[in-house]
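Structure assessment
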Amino acid sequence: TRVDDADGAVRLERCAAPAGEHRGGGVAPGLAGIDGLVRSAWLAIVAVGAVLALGLFLLDPLLPIGSRHAYKAIGGYLLLLVPVLVFLRAHRPHRRFGPANTVTLLRAAMVCLLAALFGEAWSGLELFVAGVATVALTLDGVDGWVARRTGTSGEFGAFLDQECDAFFLLLL
C-alpha cells in the first residue's frame, strides 16, 4: 500500500488482505470466503446435529420404541433449520452465531427428540421424557443468561428463543 507522509515522502507498506481475500485478490478457497456469521451458524448447526445423531444412535437401542423415531427427530431438526437460515441475516450486527444461539439450537434439537415420540408406543418412557423436558427447560434459562453475559443478545436470538418456546409449549 502506498502511504504519503506529511513531509511528502512516499513509502510502501505491506498490509494484510481483507478477510476472505488472498493477497493476490479474489476469494480464498474453502470456508475462508464465507461470511463469519454464516460459517459459525453452519458450524453450530452441524455440531448440534451431530450431538442429536449421536444421542439417537446411543439411545435408540435402549428405548422401547420404533426405529422411525430417529428419522422423525432428524427430519424435525432439518425442518427447524429452514427458518433459522432464512432469518439469519437478522442476526446482524453480531459477526458470529454465538454460544447463546447454539444453546437454543441444542434445546430445539431436544424438543425435536421429544416431538418424534408422537405416534410411537412410549409407555414406560415417562422418566426419559421428563428428564429431556427438564434439561430443555433449564437450557431455556441458560441461553438468555449466556447472551447477556457475552453481549450477544439481539433480535435473531430472541426470535429463535421464542419460536423454540412456542414449539416446546405446543408439544407439551
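Below or above, wherever it landed, is the structure these notes cover. (Residues numbered from 1 in each chain as written. Predicted model: local features only at pLDDT ≥ 70, side-chain atom pairs only at ≥ 80, totals over all residues. Heavy atoms only, no water.)

1. Some remarks on a nonpolar patch on the surface
Let me state the cut-off plainly: Here, patches come from residues exposed beyond 30% relative accessible area and free of salt bridges, joined within 9 Å for like charges and within 5 Å for nonpolar side chains (Val, Leu, Ile, Met, Phe, Trp, Tyr). Each accessible area is a Shrake-Rupley estimate made with a 1.4 Å probe; only the visible protein chains count as cover when residues are assessed. Criterion for a salt bridge: a side-chain nitrogen of Lys or Arg within 4 Å of a carboxyl oxygen of Asp or Glu. Comment: elements are numbered from the N terminus, with helices defined as DSSP H or I runs of at least four residues and strands as E runs of at least two.
Residues Trp 42, Val 46 and Leu 85 make up a contiguous nonpolar surface patch of roughly 280 Å² in combined accessible area. Looking at where Val 46 falls in the secondary structure, it is placed in helix 1 (residues 36-59).

2. A short note on the environment of Met 110
Put simply, the rule is: Each residue gets one of three labels from its accessible area relative to the maximum for its type: buried under 20%, exposed over 50%, partly exposed in between, using a 1.4 Å probe on protein chains only. Note on contacts: a residue pair qualifies if any of its non-hydrogen atoms lie within 4.5 Å across the two residues.
When you line up the elements, Met 110 lands in helix 3 (residues 99-115). Among the residues examined, Met 110 registers a relative accessible area of 15% and is labelled buried. Taking the C-alpha atoms as reference points, Met 110 and Gly 55, separated by 55 residues in sequence, lie 9.9 Å from one another. Beyond its immediate sequence surroundings of up to four residues, Met 110 is in contact with Val 132, Val 135, Ala 136 and Leu 139.

3. Structural notes on the packing of helix 1 against helix 3
Going by this rule: Lines are fitted to the C-alpha atoms to define the axes, a helix being fitted only along its stretch in contact, and any angle between axes, read from their N-to-C directions, falls within 0 to 180 degrees. In a left-handed crossing the near helix is turned counterclockwise from the far helix by less than a right angle, and in a right-handed crossing that turn is clockwise. We call Asp, Glu, Lys and Arg charged. Ala, Val, Leu, Ile, Met, Phe, Trp, Tyr, Cys and Pro are nonpolar, and the rest, Gly among them, are polar.
Across the interface, helix 1 lies against helix 3 with an axial gap of 10 Å and an inter-helix angle of 35°. By crossing handedness, the relation of helix 1 to helix 3 is classed as right-handed. When helix 1 is examined against helix 3, the residues Ala 44, Ile 45, Val 48, Val 51, Leu 52 and Leu 56 are found in contact with a partner set consisting of Thr 102, Leu 105, Leu 106, Ala 109 and Leu 113. Class assignment for the residues of the contact of helix 1 with helix 3 results in 10 nonpolar, one polar and no charged.

4. Digging into the pattern of salt bridges
Using the criterion set out here, one finds four salt bridges in the structure. For Arg 107, the salt bridge identified is with Asp 165, shortest N-O distance 2.7 Å. Of this pair, Arg 107 sits in helix 3 while Asp 165 sits in helix 5 (residues 155-171), and the two are 58 residues apart along the sequence. Residue Arg 107 is classed as buried on the basis of its relative accessible area, which comes to 1%.

5. Description of the nonpolar core
To be explicit about the condition: Among the buried residues, those of types Ala, Val, Leu, Ile, Met, Phe, Trp, Tyr and Cys that are joined through side-chain atoms within 4.5 Å form a nonpolar core.
Within the largest apolar cluster, 41 residues are counted, with the highest numbers of intra-cluster contacts made by Tyr 77, Phe 97, Leu 105, Leu 114 and Phe 128. When contributions to this core are tallied by element, the ones reaching two or more residues are helix 1, helix 2 (68-86), helix 3, helix 4 (126-150) and helix 5. Here this core gets nine residues from one element, more than from any other, and that element is helix 3.

6. Side note on helix 4
Because an α-helix completes one turn every 3.6 residues, residues spaced three or four positions apart along the sequence face the same direction. The test is simple: By definition here, a helix of n residues has an expected span of 1.5 Å times n minus one.
Here helix 4 is 25 residues long and its end C-alpha atoms lie 36 Å apart, about the 36 Å a rise of 1.5 Å per residue gives. Looking only at helix 4, the buried set comprises Phe 128, Val 129, Val 132, Ala 133, Ala 136, Leu 139, Asp 143, Val 146 and Ala 147. Those residues of helix 4 that are buried are in contact with helix 1, helix 3 and helix 5. Looking one or two residues beyond helix 4, the residue adopting positive phi is Gly 151, at roughly 70°.

7. Side note on helix 2
Spelled out, the test is: Here the arc refers to the directions that run from the helix axis out to each C-beta atom.
The terminal C-alpha atoms of helix 2, which comprises 19 residues, lie 28 Å apart, in line with the 27 Å expected from a rise of 1.5 Å per residue. Listed in full, the buried residues belonging to helix 2 are His 69, Ala 70, Ala 73, Tyr 77, Leu 80, Leu 81 and Val 84. For helix 2, the buried positions fall inside an angular range of 120° around the axis, keeping them on one side. Across from the buried face of helix 2, at angles greater than 90 degrees, the exposed residues are Arg 68, Tyr 71, Leu 78, Leu 79 and Val 86. Buried residues along helix 2 sit in contact with helix 1, helix 3 and helix 5.

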